[in-house]
Amino acid sequence: MDTRVRDISLAQAPDAAEAEWLRVCRPVLSHFGELVSKADLQDRTVACFQHIRSETPMILLPLVDAGATVRIAAVNPDSTDDVAAATLAHGGVEVWAWSGMSEAERLAGLEQLAAHPAHALSDMGGELIAAVARRNGPFPAAALEATTSGIHHLAGQNIPFPVFDWNDIPLKDRIHNAYHVGIQAWPVFSDITGLAIHGRSVLVVGFGPVGHGVATQARALGALVSVVELDPVRALEAQQLGLQVVSLEEGLVACSIVVTATGRERVIGPRELDRTRPGAILANVGHGNREIDVDWLDGRPRRAVRPYIDRFELDDHHVFLLNRGSLVNLSGGAGIEIEELFDPFAAVILRGLAWILEGGAAGAGHGMHPFPAELEREIAEVLLSARR
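Reading the values: the criteria
- Each chain carries its own residue numbering, running from 1 in the direction its sequence is written.
- Per-residue local features of the predicted model are confined to residues with pLDDT of at least 70, and side-chain atom pairs are confined, for both listing and counting, to 80 or more; whole-chain, interface and lining totals are unaffected and use all residues.
- Note that the side-chain values use all heavy atoms of the structure and ignore hydrogens as well as water.
- Ring pairs shown here join Phe, Tyr and Trp side chains whose ring centres sit within 6.5 Å, with only the six-membered ring taken for Trp; geometry is labelled stacked below 30 degrees between planes, edge-to-face above 60, and tilted in between.
- In this description a helix means any DSSP run of H or I spanning at least four residues, a strand means any run of E spanning at least two, and both kinds are numbered starting from the N terminus.
- Relative accessible area decides the class of each residue, using a 1.4 Å probe on protein chains only: under 20% of the type maximum gives buried, over 50% gives exposed, and in between gives partly exposed.
- Strand pairing follows a simple DSSP-based rule, namely that at least 2 bridges must link the two strands.
- The criterion used for residue contact is that any of the two residues' heavy atoms lie within 4.5 Å.
- A fitted line through C-alpha atoms serves as each axis, taken over the contacting stretch for helices, and the angle formed by two N-to-C directions is quoted from 0 to 180°.
- Each nonpolar core is a collection of buried residues, namely Ala, Val, Leu, Ile, Met, Phe, Trp, Tyr and Cys, held together in the definition by side-chain atoms within 4.5 Å.
- The salt bridge definition used is simple: a Lys or Arg side-chain nitrogen within 4 Å of an Asp or Glu carboxyl oxygen.

K.L.:
Just to check I follow, could you spell out the packing of aromatic side chains for this structure?
P.N.:
Between two aromatic rings, the relevant description is the distance of the centres plus the angle of the planes. Tallied over the entire structure, the rule returns 5 aromatic pairs. Aromatic side chains Phe-164 and Trp-355 sit 5.1 Å apart centroid to centroid with 85° between the ring planes, which places their arrangement in the edge-to-face category. On the criterion of sequence distance, the pair formed by Phe-164 in strand S6 (residues 162-165) and Trp-355 in helix H14 (residues 343-357) is long-range, its members being 191 residues apart. Across the pair, Trp-355 and Phe-164 agree in class, each one buried. The interplanar angle of 70° and the centroid separation of 5.4 Å between the aromatic rings of Trp-186 and Phe-189 together place this pair among those described as edge-to-face. Of this pair, Trp-186 and Phe-189 both sit in helix H8 (residues 170-193), 3 residues apart, which is roughly one turn of that helix.

So this is what it looks like as structure tokens:
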């Protein structure tokens, strides 16, 4: 696989003081990184199609230290941290990732990953798993999938190898989705826009675990929060929490901030965009970068007003879009990152990949499986011990 990053000179290895503090911020990843780096993974290959963020070197470099060949391409250029990409490349990972890459360049990275055999895959969105499954083999021992959109993408497909779903593990569903996305998203929103959200009208589209966390955190920060949810049980839960349940049309007309959290593409399309409140700010926290129809918006007059904010002129009003419709909480280089929040979930990737490479998935049938509960418990126990 070709290696291409924005600038290899951006690579940063932590000094002793920084390494010490990383063990405070990321105790679980540090723990499993030390264990995995001492394993024997010679002649093993890993392919990853995922977000490339500051914690990614701590996930993948221990595998390199253990002798594995590791390749990674950016699943979303808008979340790519160029320093992390350079650090990976400097550390021996084959990397295809830089911020601002085109869709064609992103897909070229996916194609390069799929073209090379690997023993284990780490995917976010199901695209790599699906691409490898379409080939004639050889197939990996197993793969990891991390997202709701990936599970939707793979549903009904014939996957000729085991895929372990860690999107639905209690640790992620009850903690990361339900709390951490919201905790991270609103500080990033304020950093990008310069706006506080107290007293502002916020519409959250989708009240699954992520939408739940984003909505309740917005309310805790003083926003006036409305929710759009088609499932009547989830809608009732939102109502019980004191949130206003509205139709999508009602919410778009009334609210000045709109956040999508559905895992589905084009939830906010041309018809909905035409009905938004003039000057509305649109953001997304779902995995994909097309929950808001950016392709349609790109056909309208557009100008950048500041980093991560574009203004689009519609027929009789305008809207502002944050981070090109990609996950606002993972805006690459936005300057806000609460490092400990993703620590146990980054450890899920590292621990899961090492488990696959060491033969843990042997005997598992083809298709989707839950992530092993015993590995999840290991990770939770390490986190509990670190916080006592």
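K.L.:
I tried to follow the sheet that holds strand S14 (residues 318-322) on my own but got confused; where do I start?
P.N.:
Two pairing modes exist for strands in a sheet, parallel and antiparallel, and in both the strands are linked by backbone hydrogen bonds. Spatial ordering of the open sheet is given by S9-S8-S7-S10-S11-S14-S13-S12, a layout of 8 strands whose pairing is mixed. Each edge of the sheet is formed by a strand with only one pairing partner; in this case those strands are strand S9 (244-245) and strand S12 (302-306). Here strand S7 (residues 201-205) runs beside strand S8 (residues 224-228); their pairing, made up of 5 bridges, is parallel. Along S8, the bridge assignment pairs Leu-203 with Ser-226. In the packing of helix H9 (residues 209-220) onto the sheet, the strands contacted are S7, S8 and strand S10 (257-260), and the crossing angle to S8 comes to about 160°.

K.L.:
I keep staring at the nonpolar core and nothing clicks. Help me out?
P.N.:
Buried together is how nonpolar side chains tend to be arranged in soluble globular proteins. Counting residues in each nonpolar core, the largest one holds 79 residues, and the members touching the most others are Leu-60, Leu-63 and Trp-166. Ignoring sequence-local partners within four residues, the contact set of Leu-63 consists of Val-36, Leu-41, Val-46, Ala-68, Val-70, Leu-350, Leu-353 and Leu-357. Judged by nonpolar contacts, the second largest core, of 29 residues, contains Ala-185, Phe-207, Val-225 and Val-227.

K.L.:
Teacher, can you tell me more about the pattern of salt bridges here?
P.N.:
Two side chains carrying opposite charge are able to pair once their charged atoms lie near each other. On inspection of all chains with the given rule, the structure shows 19 salt bridges. With its nearest N and O atoms 2.9 Å apart, the salt bridge here joins Arg-106 to Glu-127. Residue Arg-106 is located in helix H5 (residues 103-115), and its partner Glu-127 is located in helix H6 (residues 127-133); the two are separated by 21 residues in the primary sequence. Each of Glu-265, Arg-266, Arg-290, Asp-293 and Asp-295 takes part in one network of salt bridges that share partners.

K.L.:
Sorry if this is basic, but what is going on with the sheet that holds strand S4 (residues 120-123) here?
P.N.:
Ordered by their spatial adjacency, 7 strands build an open sheet running S3-S2-S1-S4-S5-S6-S15, and the pairing between neighbours is parallel. Since the sheet does not close on itself, it has two edges, and those belong to strand S3 (94-96) and strand S15 (367-370), each with one partner. If you compare each strand with its neighbour and ignore which way they point, the axes differ by 20° on average. Relative to S15, S6 runs parallel, the two being bridged by 4 bridges.

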